[in-house]
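Topology and contacts: notes
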Amino acid sequence: MKKFTTLTSTAIPLDIENVDTDQIIPARFLKATNRQGFGENAFRDWRFDSNGNANETFVLNNSKFSGKILVAGNNFGCGSSREHAAWALTDYGFSVIVSSFFADIFKGNALNNGLLPVQVSEAFLKVLMGSVLNDPKTVIEVHLIDQTISIIGTEHSESFEIDAYKKTCMINGYDDIDYLLSKKDAIKRFELNGI
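Attention here is on the structure that accompanies the text. Since we're looking at a predicted model, the values are computed, not measured. (Residues numbered from 1 in each chain as written. Predicted model: local features only at pLDDT ≥ 70, side-chain atom pairs only at ≥ 80, totals over all residues. Heavy atoms only, no water.)

1. Concerning a nonpolar patch on the surface
A cluster of nonpolar side chains, namely Ile177, Leu180 and Leu181, defines an oily patch on the protein surface of about 310 Å² accessible area. Assignment of secondary structure puts Leu181 in helix α7 (residues 176-182). Residue Leu181 is classed as exposed on the basis of its relative accessible area of 53%. (Patch = residues over 30% accessible without salt bridge, like charges linked within 9 Å, V, L, I, M, F, W, Y side chains within 5 Å. Areas by Shrake-Rupley, 256 points an atom, 1.4 Å probe, with all protein chains shown as cover. Salt bridge = Lys/Arg side-chain N within 4 Å of Asp/Glu carboxyl O. Helix = DSSP H or I, 4+ residues; strand = E, 2+ residues; numbered from the N terminus. Buried < 20%, exposed > 50% of the residue type's maximum accessible area, 1.4 Å probe, protein only.)

Listed below in structure tokens is the structure:
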């Protein structure tokens with residue numbers, strides 16, 4: 001995984017609640033077992049009609065909006081436990097998803113795949129969503145070490161929670177195996193000396 005400490009980016013506003021994993025990546029695209037190529041089918045049934053034509057009203061097809069941050073409505077990632085949803089979002093180009101609530105399994109899958117889910121209050125999400133919808137050039141800074149998210153050029157900022165272990169992994173670019181390998185010397189010392 002890539003190391004993550006701070007991200008400063010514009011955002012794409014997905015002002016929809018209860019986005020489930022089948023909407024993020026429809027089940028018919030779950031045939032591959034590697035993580036590449038899922039981004040082209042992220043939100044497929046919202047981005048394209050049944051003939052493959054782009055849905056111009058869907059926000060990801062709106063050229064005004066771009067960035068590595070997806071600002072989503074409440075209860076993002078509900079539904080099935082497919083890890084492919086996190087794969088699709090990272091392969092599409094997102095590094096951070098902001099919502100006022102994430103489904104637990106999606107949150108875990110996101111963190112395991114280098115995608116930072118930033119859970120904020122409903123009040124902050126409303127301000128953030130409004131800022132991005134009103135001005136697509138709104139810049140957001142996500143600071144993982146300080147656990148803060150801020151709208152640049154304003155006083156709007158909020159802290160967010162993250163599991164300490166997952167925070168360490170993201171800052172260092174570790175998956176679970178990398179983390180264990182980083183403790184190899186300490187493990188050897190313990191085996192030799194019991195300390």
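2. Here we look at the sheet that holds strand β1 (residues 6-9)
Whenever strands of a sheet pair, they do so through backbone hydrogen bonds, lying parallel or antiparallel. Read from one edge to the other, the open sheet built from four strands follows the order β1-β6-β7-β8, with strand pairing classed as antiparallel. In this open sheet, the two edge strands, each paired with only one partner strand, are β1 and β8 (157-159). With direction set aside, neighbouring strand axes in the sheet form an average angle of 10°. Two strands pair when backbone bridges link them, and β1 and strand β6 (residues 140-143) are joined in this way by four bridges, in the antiparallel orientation. Within β6, the residue paired with Ser9 across the bridge is Ile140. (Pairing = 2+ DSSP bridges. Axes fitted to C-alpha atoms, helices over the stretch in contact; angles between N-to-C directions.)

3. Considerations on the sheet that holds strand β2 (residues 11-14)
Sheet architecture is open: four strands sit in the order β2-β3-β4-β5, paired in parallel fashion. Each edge of the open sheet is held by one strand with a lone partner, namely β2 and β5 (116-119). In this sheet, neighbouring strand axes are inclined to one another by 20° on average, regardless of whether the strands run parallel or antiparallel. The pairing of strand β3 (residues 69-72) with strand β4 (residues 96-99) spans three bridges and is parallel. Bridging from a neighbouring strand, Val71 pairs with Val98 of β4.

4. Digging into unusual backbone geometry
The phi dihedral of Asn18 is positive, around 55°, even though this residue is not glycine. Within the secondary structure, Asn18 is located in the loop between β2 and α1 (21-24).

5. Description of the nonpolar core
Ranked by size, the top nonpolar core spans 51 residues in total, and within it Phe43, Phe76, Leu89, Phe106, Leu116, Val142 and Ile149 carry the most contacts. If you tally residues by element for this core, the top one is helix α5 (residues 122-134), at five residues. (Core = buried A, V, L, I, M, F, W, Y, C linked by side-chain atoms within 4.5 Å.)

6. Topic: the packing of aromatic side chains
Under the definition given, this model contains 10 aromatic pairs. Residues Phe43 and Trp46 carry aromatic rings whose centres are separated by 5.9 Å and whose planes lie at 10° to one another, so their mutual orientation is stacked. For Phe43, a relative accessible area of 0% gives the class buried. Classification of Trp46 as partly exposed rests on a relative accessible area of 21%. Positioned above the aromatic ring of Phe48, the side-chain terminus of Arg44 is 4.5 Å from the ring centre. (Phe/Tyr/Trp six-rings, centres within 6.5 Å; stacked < 30°, edge-to-face > 60°. Lys NZ or Arg CZ within 6 Å of the ring centre and 35° of its normal.)

7. Describing the side chain of Ser100
Within the secondary structure, Ser100 sits in the loop between β4 and α4 (104-112). Among the polar contacts made by the side chain of Ser100, one reaches the side chain of Asn74 at a distance of 2.8 Å. Residues in contact with Ser100, not counting those within four places in the same chain, are Asn74, Gln119, Val120, Ser121, Glu122 and Leu125. (Polar contact = N/O pair within 3.5 Å; in protein donor to acceptor, adjacent residues only side chain to side chain. Contact = heavy atoms within 4.5 Å.)

8. Brief notes about the layout of surface pockets
Volume-wise, the largest pocket comes out at about 500 Å³. Together, 19 residues line the largest pocket, and Lys2, Thr90, Ser95, Asn113 and Gly114 are the ones closest to its centre. Secondary-structure elements contributing two or more residues to the lining of the largest pocket are β1 and α3 (84-92). Among the elements that take part in the lining of the largest pocket, α3 stands out by supplying three residues, more than any other. Looking at the lining of the largest pocket residue by residue, the class counts come to six nonpolar, eight polar and five charged. What the second largest pocket holds in volume is close to 170 Å³. Lining the second largest pocket we find Asp15, Glu17, Gly73, Asn74, Ser100, Glu122, Leu125, Lys126 and Met129. Counted by class, the lining of the second largest pocket contains two nonpolar, three polar and four charged residues. (1 Å grid on protein atoms, 1.4 Å probe; cavity = no way out; pocket = protein on both sides within 12 Å on 5 of 7 lines; lining within 4 Å. Points joined across faces, edges and corners; volume = space filled by probe spheres on them. Nonpolar A, V, L, I, M, F, W, Y, C, P; charged D, E, K, R; others polar.)

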